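Letter by letter, the chains look like this.
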Amino acid sequence: MHIRDTLTTITHTGADVDDLDLRTRIIKVNTMSLVIGLLATFFAWFFYAISGKMEILAAASLEGVAYFSIIWINKKGKYNLGALLAQLIPNLATLYFGIILSAVIEASLLAIFLIGSSFLIIKERKYRVISVSLTVIVLVLLQVNEELRIISPLTFGYTNQRIIHFSAISVVFSLNILIIALYVNQNDILVAELRERGEKLEKANDYKSVFVRETNHEIRVPLNAIHSISQLLVIQSRQQQELAPIRATAEHLCAASYHALEIINNVLELSRIEVGKMHEVFREPFDVRNWIDNIVVTSQYIARNKGVKIVLDYDRQQMPAQIDSDKVKLTQIVNNILFNAIKFTADNSTVSIQVSTEKNSCYIRIRDAGKGMEKEQLEKIFDPFTTGKNDFSNGTGLGLHIARHLVSLLGGAITVESIPGKGTSFCIAFPLVAFDGNQPVQPVMKEMPPLPSFTNIRMMIVEDDQMSQIYLTRYLSSLGCHLLTAATGEQALGIMQEQPPDIVLLDSHLPDMDALALLEKFKLIPQLKDIPVIITTGDVFEESRNAMLNAGVAGYVTKPIDFNILTQEINNCLKLPALF
């Protein structure tokens with residue numbers, strides 16, 4: 001143990017530096033210097049003892065001292081000089097002993113050691129090239145001397161020649177083994193470091209996923225109240241003349257909540273991209289004309305706050321009635337590009353959308369009337385967290401990055417052109433797959449859809465957030481619903497067994513149990529097992545949605561709740577048969 005501690009002390013001489021890579025190279029240089037120095041010293045006296053050749057003793061002893069001096073040089077902190085000498089000394093020794101011992105040993109066998117050590121202990125590329133070049137020069141000089149016999153080798157008796165030959169072979173073999181061992185050791189260290197870093201990154205990624213999930217839910221709950229309040233104000237300001245003066249304010253508030261939701265969605269989308277979760281493409285047939293009309297209506301609602309008009313241009317005769325693609329991803333792509341155009345176009349200007357088809361591709365071109373961008377800006381706009389400044393709305397700089405990622409999943413691409421002072425144009429291209437089957441056509445969304453009547457519909461709201469419960473109750477009450485409310489799963493079970501509702505709006509996270517546990521309890525109670533359940537949740541992760549749908553829920557509405565979407569889900573539930 002004492003010898004091992006001594007050897008460790010020697011090989012770690014001068015390695016007390018913060019740079020891990022430098023410390024590793026110093027230890028390798030010291031290890032190589034110690035081993036070769038000992039070998040050189042031993043064989044200097046061994047070869048001298050059997051041959052009596054002073055040329056061998058002097059040169060090999062000097063080589064040993066030179067190697068030991070490298071350790072001292074590292075101790076003084078002159079690491080570059082030590083690495084240089086660790087390459088220069090073996091090349092000079094190879095040249096010298098390769099000439100005087102050419103009759104008994106082939107010095108070119110050291111090429112593996114000489115070239116390997118260059119890559120092992122020298123970091124800078126140009127110095128590696130110099131070191132390898134020096135080795136090549138040495139090998140060439142040895143070959144030239146072999147051919148021309150400029151310097152004659154030493155001669156030995158037969159017995160001494162065989163002893164020196166096999167001894168020299170063992171030295172060469174040992175040096176090559178040494179350099180290979182150092183490489184293996186380095187590889188083991190790197191693998192261990194990578195494994196450790198991988199474990200740390202995986203743990204950090206798990207923490208980040210938990211943080212994103214929890215933060216996403218916590219933000220969506222209060223945002224749900226804000227969005228609900230703004231929607232109620234918009235509805236009431238349009239219905240009640242005395243509230244007309246606050247209509248513009250209510251619309252601004254509603255637009256701001258939509259913008260906040262887009263930011264949250266984009267941050268969540270980025271987290272999915274970063275962890276390498278390539279989204280599965282869910283293709284479905286849909287009416288492309290009504291789809292783009294609905295996007296424009298929603299965006300115009302937001303653009304009005306800036307005095308911007310959105311002009312849609314497409315040939316209804318040219319467009320297929322329905323296409324087969326991922327409607328959700330296409331919506332997110334177009335929304336991100338279109339909102340970006342609204343954000344950066346000039347006040348009281350026009351944003352144009354042109355939809356066209358060509359062969360097997362669909363093109364959506366969105367042009368604004370903003371300041372435009374220089375070439376340097378265009379090269380970076382798809383990078384995450386790259387955003388410009390404007391007075392209308394601040395963002396995260398994620399929309400374009402995510403749009404490009406999603407369109408690539410669909411097999412398409414996004415291109416951009418911009419003229420400084422005149423505006424910017426984005427072109428979204430994706431494969432066009434026409435659908436010839438029969439699919440119910442979705443109605444175009446209006447800015448103020450007529451409110452349905454749910455008179456005599458008994459609805460149970462299970463929601464622990466009081467503010468969300470209050471404004472959800474107000475909206476549904478205005479539709480004529482008879483409402484029951486509960487803040488916990490057990491409370492909901494007690495009320496529902498006495499007064500079974502027609503529909504249940506169930507928050508996915510309750511103080512006493514989660515929605516899946518409550519659904520299992522519903523299945524065990526005869527008067528409750530057939531009641532359709534709509535999940536209302538701040539959890540937008542696909543695995544959570546799939547788990548709920550597999551459990552038999554009738555609908556899944558994410559917070560902040562869009563009253564139009566909620567109303568559609570309720571309408572769907574009223575037509576559904578038993579679910580469980």
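Residues numbered from 1 in each chain as written. Predicted model: local features only at pLDDT ≥ 70, side-chain atom pairs only at ≥ 80, totals over all residues. Heavy atoms only, no water.

Novice: Even after reading the chapter, I still don't get the nonpolar core, so can you show me in this structure?
Specialist: The tendency in soluble globular proteins is for nonpolar side chains to be buried as a group. Grouped together as the largest cluster of nonpolar side chains are 40 residues, with contacts concentrated most on Trp-291, Ile-333, Ile-364, Ile-366, Ile-414 and Ile-428. Residue assignment for this core shows that the elements contributing at least two residues are helix H9 (288-303), strand E2 (309-314), helix H10 (327-344), strand E4 (350-358), strand E5 (361-367), helix H12 (399-409) and strand E7 (423-431). Per-element tally for this core: the top contributor is H10, with seven residues. The next biggest cluster of nonpolar side chains, apart from the first, holds 37 residues, and it includes Phe-47, Ile-105, Ile-164 and Leu-178. (Core = buried A, V, L, I, M, F, W, Y, C linked by side-chain atoms within 4.5 Å. Buried < 20%, exposed > 50% of the residue type's maximum accessible area, 1.4 Å probe, protein only. Helix = DSSP H or I, 4+ residues; strand = E, 2+ residues; numbered from the N terminus.)

Novice: In this structure, what is going on with the sheet that holds E7? I would like to understand it.
Specialist: Strand-to-strand pairing in sheets goes through backbone hydrogen bonds, with the strands running parallel or antiparallel. What the five strands build is an open sheet, ordered E2-E4-E5-E7-E6; its pairing is mixed. What marks the edges here is a single partner per strand, and that holds for E2 and strand E6 (413-419). Adjacent strand axes in the sheet meet at a mean angle of 15° when their direction is disregarded. Here seven bridges tie E5 to E7, and the two strands are oriented antiparallel to one another. Following the sheet pairing, Cys-362 is matched in E7 by Phe-430. On top of the sheet, H10 reaches E2, E4, E5, E6 and E7; it is set at about 175° to E7, its chief contact. Lying over the sheet, H12 contacts E6 and E7, oriented at roughly 140° with respect to E6. (Pairing = 2+ DSSP bridges. Axes fitted to C-alpha atoms, helices over the stretch in contact; angles between N-to-C directions. Contact = heavy atoms within 4.5 Å.)

Novice: It is not clear to me how helix H17 (residues 563-574) should be interpreted in this structure. Could you clarify?
Specialist: Because an α-helix completes one turn every 3.6 residues, residues spaced three or four positions apart along the sequence face the same direction. An ideal rise of 1.5 Å per residue puts 16 Å on twelve residues; H17 measures up with 16 Å between its terminal C-alpha atoms. Of all the positions in H17, only Phe-563, Leu-566, Thr-567, Glu-569, Ile-570 and Cys-573 are classed as buried. In an axial view of H17, the angular spread of the buried residues amounts to 160°, which keeps them on one side of the axis. The backbone nitrogen of Asn-564 lies 2.9 Å from a side-chain oxygen of the residue at the head of H17, namely Asp-562. (Expected span 1.5 Å × (residues − 1). Arc of directions from axis to C-beta. Polar contact = N/O pair within 3.5 Å; in protein donor to acceptor, adjacent residues only side chain to side chain.)

Novice: How should I be thinking about the sheet that holds strand E12 (residues 555-558) in this particular structure?
Specialist: Here five strands make up an open sheet; going across it, the order is E9-E8-E10-E11-E12 and the pairing parallel. The open sheet has two free edges, formed respectively by strand E9 (482-486) and E12, since each of these has just one partner strand. Averaged over all pairs of adjacent strands, the angle between strand axes in this sheet comes to 20°, irrespective of strand direction. Sheet analysis places strand E8 (residues 458-462) next to E9, joined by five bridges and oriented parallel. The residue of E9 that forms the bridge with Ile-461 is Thr-485.

Novice: Can you help me understand the pattern of salt bridges in this one?
Specialist: Taken as a whole and assessed by the stated rule, the structure comprises seven salt bridges. Here Glu-146 and Arg-149 are joined by a salt bridge, their closest N and O atoms 3.6 Å apart. The partly exposed category is assigned to Glu-146, whose relative accessible area is 35%. With a relative accessible area of 43%, Arg-149 lands in the partly exposed category. (Salt bridge = Lys/Arg side-chain N within 4 Å of Asp/Glu carboxyl O.)

Novice: Teacher, can you tell me more about the pairing of strand E3 (residues 322-325) here?
Specialist: Sheet faces and side chains relate simply in a regular strand, where the side chains alternate between the two faces. Of the two faces of E3, the one holding Gln-322 and Asp-324 and the one holding Ile-323 and Ser-325 are both buried throughout. As defined by bridge partners, strand E1 (residues 284-287) adjoins E3 across four bridges and the pair is classed as antiparallel. The partner of Pro-285 across the bridge, within E3, is Asp-324.

Novice: Would you mind going over the packing of aromatic side chains with me for this structure?
Specialist: What characterises a pair of aromatic rings is the spacing of the ring centres plus the angle enclosed by the ring planes. Within this structure, the stated rule accounts for ten aromatic pairs. Ring geometry for Phe-46 versus Phe-47: centroids 5.9 Å apart, planes at 50°, classification tilted. Its relative accessible area of 28% is what places Phe-46 among the partly exposed residues. Take Phe-47: its relative accessible area is 6%, and that puts it in the buried class. With centroids separated by 6.4 Å and ring planes inclined at 90°, the aromatic side chains of Phe-382 and Phe-426 adopt a geometry described as edge-to-face. On the criterion of sequence distance, the pair formed by Phe-382 in the loop between helix H11 (375-378) and H12 and Phe-426 in strand E7 is long-range, its members being 44 residues apart. Each of the two residues, Phe-382 as well as Phe-426, counts as buried. Ring pairs connect the aromatic residues Phe-42, Phe-43, Phe-46 and Phe-47, which therefore count as one cluster. (Phe/Tyr/Trp six-rings, centres within 6.5 Å; stacked < 30°, edge-to-face > 60°.)

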